[in-house]
Amino acid sequence: MKRPILLLILSLVLSSLQAQFIPHHVSYNRVYDLLDELAADGFIDINTTVKPFSRAFIAEQLKSVVENEALSKRQKEEVLFFIQEFAPEYRQLPEARFHIWKNEHSKAAIVPPAFHYVDSNFTARVTPLLGLQLTYNSKAANPLIDKRWFGAEFQTTIGKHLAVYGSLRDISVKGDTLASYNYLNNLPGYEYKEATYGGDFSDSRGGIVLSDSWGAVGLVKDNPVWGDSYQSANILSGRTPSFPMITLKLQPVKWFELNYFHGWLISNVADSTNFYTDNTNRIYYRPANKFMAANMFTFTPLPRLKVSFGNSIIYAERNIQAGYLIPIAFYKSIDHLLTKGTGTENQNSQVYFNISSRNIKHLHLFASVLFDEVSFSRFLPDNKEQNPMSLKIGGALSNFPVKNLTAVAEYTYTNIITYKHSFNTLTYASNSYNLGHYLGDNSSEMYLALLYKPIRGLDLKLSFTDARKGNDFEYVRRAGNVNVIRQIISQPVMGDIVWHSTALNFNAQYEVFNNVFCNFGAAYSNIRAYDSTSAIAFETKKTAADYLNRFTNPYLQGKNLVISAGVNFGF
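Small disclaimer: the values here were computed from a predicted structure and weren't measured.

Quick word on unusual backbone geometry
In this structure, proline 52 follows lysine 51 across a cis peptide bond, with omega equal to 10 degrees. Its location among the elements puts proline 52 in the loop between β1 (50-51) and α3 (55-65). With omega at 0 degrees, the peptide bond leading from phenylalanine 400 into proline 401 counts as cis. Residue position: proline 401 is located in the loop between β20 (389-398) and β21 (405-414). Even without glycine at this site, arginine 304 takes up a positive phi of about 75 degrees. Unlike most non-glycine residues, isoleucine 417 shows phi in positive territory, near 60 degrees. Within the secondary structure, isoleucine 417 sits in the loop between β21 and β22 (429-430).

So, in structure tokens, the structure goes:
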């Protein structure tokens, strides 16, 4: 009797759902995992090509299934659990324990730690961010990595259409800093302030968004993820440090969605014409401008089938080009208009496609491809030249034949010089971190995973990754009268395997209360490198030691068993 009454109350509460667009960051992966599982089981129909989702959208999906008796016991408990997380989206105060104070419109609680305010015109949510992660490798020269962070985040909605949100994390690492942009790993990228004890960095995100039920426009600083993936997307992986952007999302009908942004990237390249001096006349050069415009069109020709395509451009003009502010433009054509007649090299443009199908119950199939440069003649079998492109295919099987178990298989294959450019300011990167797949060009990756969720809040994950890197070439178009780039892209993809990583990972995570986590991990890895036998010029490294030191932190080189454990409030 209690459950029907509870569901009736929830149905009345959820009917007040609002449309404000506050992005829910992709690092909070548990709720994204649940939505993906619900979509695979046929309970909801979502577009996972473009992330992050808004909190209002997630709340709407939870609302749509809360009374569905076909959910498993664990799924029902997860849905009810996350409804508490998204209570402000329903204009309600969440349940909590150990209140500091509470009244009709506000409450501050210790468990889970948060302050909430809700009325008919305004909502506010403030949560602390606090975490500790310890990593231990007995074989390393300095075996312990101590990572700690603290900060806070807030989210507010004003009226029915305006949202303002922000967060700040100050992170300190004692020991090795593993996430350098040179290293081939899937860790989030940061701009470190190097120190003898490790490194410090801060991560600030936020924005202001005006939205309605059919769309949203905002000025935000965030981590866009484009392309279906369970490991690392090859269109936009979200691994780069967050960058500011103007965003637009339109969904006027159920079968069509447009996503667009114009972003201000960080080039990490000095502009010799732009500098200032101090009182000793010392010159300080400013970084060169770097911008990105990107769009993604998604169609739903059949329920649960999403077909997406789009294009992007990275440009390094002194000023923003108005043509790249057009959300529906084909940017390569505008680039030709702006630069072709000047005799200079074009900007860096890309086209990409993604298809996602959940038409077979429990099964999600997907594929995405990014073309960095396309010549149709290169598809002919007698042409040795390969188009710079990255291909990803994969699938996930959820709750079949074993309930609460998801099996994932994903393969990524990337050709030579994909994501690169002959101008350092135009590479497919921000803060020197690749915007696409973390392995970069001339690489492949097989990723297999089993995710088991026996009870609400507990995630057990066993994964295997086989990652390979081929010869690393500079992007050089011409040397004298020699067309070097044609020679480079005529080399066999993965001709020499110069870097190879195999890793078996086990991770356990338990969300005790909303946004209160504890975790444990164990990873056995074998990371090695090999000499290159290629005789072609413009290969950046030659020896196994060179490649290993370039692509892998000494902390992880060779065979290692790495243990990690941590706790955190917030994500």
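After that view of the structure, there is still more to cover.
Section: helix α2 (residues 29-40)
The first and last C-alpha atoms of α2 sit 16 Å apart over 12 residues, in line with the 16 Å expected at 1.5 Å per residue. When you tally the buried positions in α2, you get 10 out of 12 residues, the bulk of the element. Those residues of α2 lying buried are Arg30, Val31, Tyr32, Leu34, Leu35, Asp36, Glu37, Leu38, Ala39 and Ala40. Once α2 finishes, glycine 42 follows within two positions and takes phi at roughly 90 degrees, a positive value.

A short note on the pairing of strand β30 (residues 558-569)
Of the strand pairs in this sheet, strand β5 (residues 122-136) and β30 are connected by 7 bridges, and their pairing is antiparallel. Opposite leucine 130, over in β30, you have phenylalanine 569 as the bridge partner.

Side note on the packing of α2 against helix α4 (residues 73-85)
Following both chains from N to C, one finds α2 and α4 inclined at 135 degrees, their axes separated by 11 Å at the closest point. Our classification of the angle between α2 and α4 gives oblique. Once α2 is placed against α4, the crossing between them reads as left-handed. In this structure, α2 uses Arg30, Val31, Leu34, Glu37 and Leu38 to contact α4, whose residues at the interface are Arg74, Gln75, Glu78, Val79, Phe81 and Phe82.

Conventions we followed
Residues numbered from 1 in each chain as written. Predicted model: local features only at pLDDT ≥ 70, side-chain atom pairs only at ≥ 80, totals over all residues. Heavy atoms only, no water. Helix = DSSP H or I, 4+ residues; strand = E, 2+ residues; numbered from the N terminus. Expected span 1.5 Å × (residues − 1). Buried < 20%, exposed > 50% of the residue type's maximum accessible area, 1.4 Å probe, protein only. Pairing = 2+ DSSP bridges. Axes fitted to C-alpha atoms, helices over the stretch in contact; angles between N-to-C directions. Parallel < 35°, antiparallel > 145°, perpendicular 65-115°, else oblique. Left-handed = near helix turned anticlockwise from the far one by under 90°. Contact = heavy atoms within 4.5 Å.

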